Amino acid sequence: MKKNKHIGLITAGFAAGAVNGLFGAGGGIVLVPLLTLLTDLPEKEIFPTSISIILPICLVSLAVTAFSVTIPWSNTRFYLLGSAMGGILAGCYGRRIPTVWLHKALGIMILWGGIRYLC
């Protein structure tokens, strides 16, 4: 049975936006598994689709947050520098990593994060 691509994408986007809005980050963690489960996207399109969705979600969360709290911008510049360098490296070399390894690494990161927050 073919999955309805649009419903799956909307559901995955909603879940990612809700997680990102509630926790300030982590929307991408739910995107990859949901895109895998709810859509017929080929494996090679799931990670790039997830990455392309993250920026707009984060911008919306930032805008909503900026209206309710003061954002410590002086703290963010160092994080942004490091994350930009990491993003460039991952973007350049990430395609060389087999998708199955990326799925396993994501699963391990999700488990580690969950255990860390529970303990």
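Source: prediction; values computed, not measured. (Residues numbered from 1 in each chain as written. Predicted model: local features only at pLDDT ≥ 70, side-chain atom pairs only at ≥ 80, totals over all residues. Heavy atoms only, no water.)

**Quick notes on a nonpolar patch on the surface**
Together, Leu55, Leu59, Leu62 and Trp73 line one region of the surface with nonpolar side chains, adding up to about 430 Å² of accessible area. Among the elements that make up the nonpolar patch, the one with the highest residue count is helix 3 (residues 43–68) (three residues). Residue placement: Leu59 occurs in helix 3. (Patch = residues over 30% accessible without salt bridge, like charges linked within 9 Å, V, L, I, M, F, W, Y side chains within 5 Å. Areas by Shrake-Rupley, 256 points an atom, 1.4 Å probe, with all protein chains shown as cover. Salt bridge = Lys/Arg side-chain N within 4 Å of Asp/Glu carboxyl O. Helix = DSSP H or I, 4+ residues; strand = E, 2+ residues; numbered from the N terminus.)

**As for helix 3**
Its 26 residues place the ends of helix 3 38 Å apart at the C-alpha level, agreeing with the 38 Å of an ideal helix rising 1.5 Å per residue. Residues of helix 3 that are buried include every one of Ile46, Phe47, Thr49, Ser50, Ile57 and Ser61, and no others. (Expected span 1.5 Å × (residues − 1). Buried < 20%, exposed > 50% of the residue type's maximum accessible area, 1.4 Å probe, protein only.)

**A short note on the environment of Ile57**
Tracing the sequence through the fold places Ile57 in helix 3. The sequence separation of Ile57 and Val32 amounts to 25 residues, and the corresponding C-alpha distance is 15 Å. Contact partners of Ile57, with chain neighbours within four places excluded, come to Gly13, Ala16, Gly17 and Asn20. (Contact = heavy atoms within 4.5 Å.)

**Remarks on the nonpolar core**
Counting residues in hydrophobic clusters, the biggest one holds 10 residues: Ala12, Ala16, Leu31, Val32, Leu35, Leu41, Ile46, Phe47, Ile57 and Leu106. Those elements that provide at least two residues to this core are helix 1 (5–23), helix 2 (27–38) and helix 3. For Leu31, the contacting residues outside a window of four places in its chain are Ala12, Gly13, Ala16, Ser50, Ile53 and Ile54. (Core = buried A, V, L, I, M, F, W, Y, C linked by side-chain atoms within 4.5 Å.)

**Section: helix 2**
Its 12 residues give helix 2 an end-to-end C-alpha distance of 16 Å, which sits within 8% of 16 Å, the value for a rise of 1.5 Å per residue. Those residues of helix 2 that sit buried are Gly27, Leu31, Val32 and Leu35. Seen along its axis, helix 2 keeps its buried residues to an arc of 130 degrees; they face one direction. (Arc of directions from axis to C-beta.)

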